[in-house]
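Chain by chain, the residues:
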Amino acid sequence: MAEKEKNMALSHIREAIGKNALKPPLTLFSGGFSAEAPFFPEDILVWKSSSEQTVTDVSIHQRMILKIVLSGDVVTIVDGLRIPMKASDMILFFPYQFHSTRLLCPRSEYSFLAITFTERARNYSPLLPLKNHLLTPDTDDAQKIACIIRTYLRKESSVPEKGVLALMELLLAQRRKILQAEQEGRLSHYVPRETADRISDYFRNNFNKPISLKSVAAEFGMSEETIRRIFHRSYGEITPGKLISRLRMQFAVEMLEHTEEPISRIAEKCGYSDPFVFSRAFKRQTGSSPQKHRKQYLASSEEAEKSFSN
């Protein structure tokens, strides 16, 4: 049986070559092809929303999140942009983006699927064409999503590589659609780049510096009250100070989990001059100290790797 399979594989290779002249290249550094947008997703998690979840609060994550609406009508607010979504619509959240949801239906009618992941080199630039765009899956995309779910649930004979490949193909297919729509001039943006969006970018670029509501107002030539109103309209009850704090904590979590930097250095990179103040703030928001969080993450990662390999 093994010999028969080898012969079949060889025949497929020969058929692909056909009568094409595959001559050795003059140089091994030209004339080849590269990946469309090289990135490698890992640590893929899949989960479904529950009716108990608060959906109106502002969220910030250090991971990529592909959100797929399963039922209900909502408006997703990301960096101040309002994007209406209905069942089967998707959106991709990037690390440290501010996003929240406004329900247009009863809470019991709303549900979504989340596929979250990181990238091996933390390089998300190949996916930037998807940022802040409504994405719509077709039948092929739906099959890829089903493959990711089966892999995560370890159904049938699924292996991790299948789920990783399916996620890569799904995102690249959506990327091609967006780029093609842009080339054909068919892509309509929901709103122009608003002040809330620009302020969000400013926070993401400067959260590790001693910024305040006063300094942000001065940067944008506005009053502090105007900044507050913009945030209230875009993010509800969340304040600029709380958003800065969340950004700092999410960045701290990323460094604790994926670097070996000492706590004092992480505190400094998050904008804290005193590591003890940083540790108190971290524990207040997460419920554990930075050192304990790192130990728990490493232990859970080792346990997950053991269980997946068994």
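Bear in mind the structure is a predicted one, so any value in this text is a computation, not a measurement.

Conventions we followed
Residues numbered from 1 in each chain as written. Predicted model: local features only at pLDDT ≥ 70, side-chain atom pairs only at ≥ 80, totals over all residues. Heavy atoms only, no water. Core = buried A, V, L, I, M, F, W, Y, C linked by side-chain atoms within 4.5 Å. Buried < 20%, exposed > 50% of the residue type's maximum accessible area, 1.4 Å probe, protein only. Helix = DSSP H or I, 4+ residues; strand = E, 2+ residues; numbered from the N terminus. Contact = heavy atoms within 4.5 Å. Pairing = 2+ DSSP bridges. Axes fitted to C-alpha atoms, helices over the stretch in contact; angles between N-to-C directions. Phe/Tyr/Trp six-rings, centres within 6.5 Å; stacked < 30°, edge-to-face > 60°.

Visitor: Mind showing me how you'd approach the nonpolar core here?
Guide: General note: in soluble globular proteins, nonpolar side chains tend to be found buried as a group. The biggest cluster of nonpolar side chains holds 26 residues, and the ones touching the most others in it are Leu92, Ile115 and Leu127. When residues of this core are traced back to their parent elements, those giving at least two are strand S1 (41-48), strand S2 (64-71), strand S5 (90-93), strand S7 (111-119), helix H2 (139-153) and helix H3 (160-183). Ranked by the residues each element gives to this core, the list is headed by H3, at seven residues. Residue contacts for Leu127: discarding those within four places in its chain leaves Phe39, Met64, Leu92, Phe94, Phe117 and Leu171. Membership of the second largest hydrophobic core comes to 20 residues, among which are Phe98, Ala217, Ile244 and Leu247.

Visitor: Which parts of the structure should I look at to understand the sheet that holds S1?
Guide: The strands making up a sheet associate through backbone hydrogen bonding, with each pair oriented either parallel or antiparallel. What the four strands build is an open sheet, ordered S1-S7-S2-S5; its pairing is antiparallel. The strands lining the two open edges of the sheet, one partner per strand, are S1 and S5. Going from strand to strand, the sheet's axes swing by 15° on average, the running direction of each strand aside. Across four bridges, S2 lies against S5 in antiparallel orientation. Looking across to S5, one finds that Lys67 is bridged to Ile91. Taken strand by strand, H2 contacts S1, S2, S5 and S7, and its axis lies near 90° from that of S1. Where H3 meets the sheet, it contacts S1, S2, S5 and S7, and its direction lies at approximately 85° from that of S1.

Visitor: How do you make sense of the sheet that holds strand S3 (residues 74-78) when you look at a structure like this?
Guide: The antiparallel open sheet is built from three strands, whose spatial order is S4-S3-S6. Edge strands, defined here as strands with exactly one partner in the open sheet, are strand S4 (81-85) and strand S6 (99-103). Sheet twist, expressed as the mean angle between neighbouring strand axes with direction ignored, is 25°. As judged from the five bridges shared by S3 and S6, these two strands associate in the antiparallel manner. Note on S6: the bridge partner recorded for Val78 is His99.

Visitor: Would you mind showing me how to read unusual backbone geometry here?
Guide: Phi is mostly negative for residues that are not glycine, and the peptide bonds are mostly trans. Of note in this structure, Ser88 is not a glycine but carries a positive phi near 90°. At Asn132, a position not held by glycine, the phi torsion is positive, near 60°. Among the structural elements, Asn132 can be located in the loop between S7 and H2. In this structure Asn132 comes out as buried when scored by relative accessible area, which is 15%.

Visitor: I tried to follow the packing of aromatic side chains on my own but got confused; where do I start?
Guide: Aromatic ring pairs are defined here through the distance separating the ring centres and the angle between the ring planes. This structure, assessed with the given rule, holds six aromatic pairs. Taking the centre distance of 5.7 Å and the plane angle of 85° together, the rings of Tyr202 and Phe220 count as edge-to-face. Remark: Phe220 occurs in helix H5 (residues 213-220) and Tyr202 occurs in helix H4 (residues 195-206); sequence separation between them is 18 residues. Ring geometry for Phe278 versus Phe282: centroids 6.0 Å apart, planes at 50°, classification tilted. Here the residue Phe278 and the residue Phe282 both occupy positions in helix H9 (residues 275-286), the gap between them amounting to four residues, near one helical turn. Each of the two residues, Phe278 as well as Phe282, counts as buried.

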